[in-house]
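These are the residues of each chain, in order.
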Amino acid sequence: MVMCSNTAATTDRSRSSLPALLLGALVLLPGVAAAHDLSQDEALALTEQGRILPLPVFIEDALTRFPGRFLEAELELDDGRYIYELELVTRDRRVMELEYDAVSGELLDAEEDD
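Residues numbered from 1 in each chain as written. Predicted model: local features only at pLDDT ≥ 70, side-chain atom pairs only at ≥ 80, totals over all residues. Heavy atoms only, no water.

A. Examining the nonpolar core more closely. Core analysis: the biggest nonpolar cluster contains 17 residues, and Ile52, Leu75, Tyr82, Tyr84, Leu86, Leu98 and Tyr100 have the highest contact counts within it. Listed by contribution, the elements that provide at least two residues to this core are helix H2 (40-48), helix H3 (55-65), strand S3 (81-90) and strand S4 (95-101). Broken down by element, the residue count for this core peaks at four residues, all from S3. Once residues lying within four places of it in the same chain are set aside, the contact partners of Leu86 are Leu55, Phe58, Ile59, Ala62, Phe70, Glu72, Ala73, Met96, Glu97, Leu98 and Tyr100. (Core = buried A, V, L, I, M, F, W, Y, C linked by side-chain atoms within 4.5 Å. Buried < 20%, exposed > 50% of the residue type's maximum accessible area, 1.4 Å probe, protein only. Helix = DSSP H or I, 4+ residues; strand = E, 2+ residues; numbered from the N terminus. Contact = heavy atoms within 4.5 Å.)

Below is the structure:
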């Protein structure tokens, strides 16, 4: 009988802590999934509204820094900040990934892709 009452007490405690655990998980989720890829239509609308700089500005800067060939670009909203991620291949066949602040045009990161 003591085992049953302990089990019931443990189950009751587990049930009462369940809402707190769920709330904690919800609080942590925004930090886990902070970046959101934007579509081409969203990027075009933001450019037309003057909220971000146009993609060709970033392509030109990237190719000036690392002459070669532009491969692709993605626009993300990451923690409230618009970030362009560009990928290019240099003349000496290195694949580079560059991150730019899409509003200010600032180069945030440049690294060689493995």
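Additional details are given in the paragraphs that follow.
B. Region of interest: the sheet that holds strand S5 (residues 107-112). Strand order in the open sheet formed by five strands is S1-S2-S3-S4-S5, and the pairing between neighbours is antiparallel. The open sheet has two edge strands, strand S1 (35-37) and S5, and neither has a second partner. Each neighbouring strand pair of the sheet contributes to a mean axis angle of 25 degrees, computed without reference to strand direction. Across three bridges, S1 lies against strand S2 (residues 68-78) in antiparallel orientation. Considered in S2, the bridge of Ala35 is made with Asp78. (Pairing = 2+ DSSP bridges. Axes fitted to C-alpha atoms, helices over the stretch in contact; angles between N-to-C directions.)

C. A look at the pairing of S4. Bridge count between S3 and S4: seven bridges; the pairing is antiparallel. Counterpart to Leu88 in the pairing with S4 is Met96. Connecting the antiparallel pair S3 and S4 is a turn made up of four residues, with Arg93 showing a positive phi of about 70 degrees. Examined bridge by bridge, S4 and S5 share five bridges and lie antiparallel to one another. When the bridges of S5 are listed, Met96 appears paired with Glu112. Connecting S4 to the next strand, S5, in antiparallel fashion are five residues, including Gly105 with a positive phi near 85 degrees.

D. Structural context of the side chain of Glu87. Topologically, Glu87 is positioned in strand S3. Comment: no salt bridge for buried Glu87; closest opposite-charge side chain is Arg69, at 9.6 Å. Setting aside residues no more than four positions away along its own chain, Glu87 makes contact with Phe70, Leu71, Glu72, Val95, Met96, Glu97 and Asp113. (Lys, Arg positive; Asp, Glu negative; His and termini not counted. Salt bridge = Lys/Arg side-chain N within 4 Å of Asp/Glu carboxyl O.)

E. Broad picture of the environment of Leu38. Position of Leu38 among the secondary structure elements: in the loop between S1 and H2. Of the residues examined, Leu38 reaches a relative accessible area of 16% and is grouped as buried. Along the primary structure Leu38 and Leu75 are separated by 37 residues, whereas in three dimensions their C-alpha atoms are 5.6 Å apart. In contact with Leu38, not counting residues within four places along its chain, are Leu46, Leu75, Glu76, Leu77 and Tyr82.

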